[in-house]
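# Notes for the structure review
Here's the letter readout for the chains.
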Amino acid sequence: MSTQTKERPDVSTDETTDDDAPKVFHYVKKNKIAESAVMGTHVVALCGEVFPVTKSAKPGSPVCPDCKKIYEGLRKGD
């Protein structure tokens, strides 16, 4: 009897860097941002990512491509 080991490619979806700054920023509902920052609750981004708000995006910050695509497809006021 022998065992075989299958190698899997690294499929980690970790979106943080070593300094705890996210690699990309996500679109979330405005009214949930402050609540998450103060209370530590989790928010759900347009792409489905669930996380607590820990950093504020600055102009020119990289945006999650899935969130951006979904946001651009929304009608104004949605």
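One can find the structure itself at the top, above this paragraph.
My aim in this report is to walk through the structure given alongside it, one point at a time. Given the structure is predicted, the values throughout are model-derived calculations rather than measurements. (Residues numbered from 1 in each chain as written. Predicted model: local features only at pLDDT ≥ 70, side-chain atom pairs only at ≥ 80, totals over all residues. Heavy atoms only, no water.)

## Focus: the overall build of the chain
When helices and strands are tallied, the chain shows two helices and two strands. Reading the helices (α) and strands (β) of the chain from amino to carboxyl end gives α-β-β-α. The 78 residues of the chain split such that 13% are buried. Considering only intrachain contacts with a sequence separation of at least 6, the fraction spanning at least 24 residues in the chain is 36%. (Helix = DSSP H or I, 4+ residues; strand = E, 2+ residues; numbered from the N terminus. Buried < 20%, exposed > 50% of the residue type's maximum accessible area, 1.4 Å probe, protein only. Contact = heavy atoms within 4.5 Å.)

## Focus on the nonpolar core
Of all hydrophobic cores here, the largest spans seven residues; its members are Val24, Val28, Val43, Ala45, Val53, Cys64 and Cys67. Valine 53 has contacts with Ile33, Ser36, Ala37, Thr41 and Val43, leaving out every residue within four places of it along the chain. (Core = buried A, V, L, I, M, F, W, Y, C linked by side-chain atoms within 4.5 Å.)

## Observations concerning the packing of aromatic side chains
A full pass over the atoms with the stated rule returns one aromatic pair. The interplanar angle of 25° and the centroid separation of 4.7 Å between the aromatic rings of tyrosine 27 and tyrosine 71 together place this pair among those described as stacked. Of the two residues, tyrosine 27 is situated in the segment before helix 1 (30–39) and tyrosine 71 in helix 2 (residues 65–73); the sequence distance between them amounts to 44 residues. A relative accessible area of 28% places tyrosine 27 in the partly exposed class. (Phe/Tyr/Trp six-rings, centres within 6.5 Å; stacked < 30°, edge-to-face > 60°.)

## Notes on the environment of valine 53
Inspection of the secondary structure puts valine 53 in the loop between strand 2 (50–52) and helix 2. Under the relative-accessibility criterion, valine 53 is labelled buried at 16%. Separated by 25 residues in the primary sequence, valine 53 and valine 28 have C-alpha atoms spaced 9.7 Å apart.

## Topic: a nonpolar patch on the surface
Among the surface-exposed residues, Leu46, Ile70, Tyr71 and Leu74 lie close enough to one another that they form a single nonpolar patch of about 330 Å² accessible area. Topologically, leucine 46 is positioned in the loop between strand 1 (42–44) and strand 2. (Patch = residues over 30% accessible without salt bridge, like charges linked within 9 Å, V, L, I, M, F, W, Y side chains within 5 Å. Areas by Shrake-Rupley, 256 points an atom, 1.4 Å probe, with all protein chains shown as cover. Salt bridge = Lys/Arg side-chain N within 4 Å of Asp/Glu carboxyl O.)

## Side note on the side chain of serine 36
Within the element layout of this structure, serine 36 appears in helix 1. Judged by its relative accessible area of 1%, serine 36 is buried. Of note is the side chain of serine 36, whose polar atom sits 2.5 Å from the backbone oxygen of threonine 41. Aside from chain neighbours lying at most four places away, what touches serine 36 is Thr41, Val43, Pro52 and Val53. (Polar contact = N/O pair within 3.5 Å; in protein donor to acceptor, adjacent residues only side chain to side chain.)

## Looking at the environment of alanine 37
Here alanine 37 shows up in helix 1. Judged by its relative accessible area of 51%, alanine 37 is exposed. Put simply, alanine 37 and serine 56 are 19 residues apart on the chain and 9.5 Å apart in space, counted from C-alpha to C-alpha.

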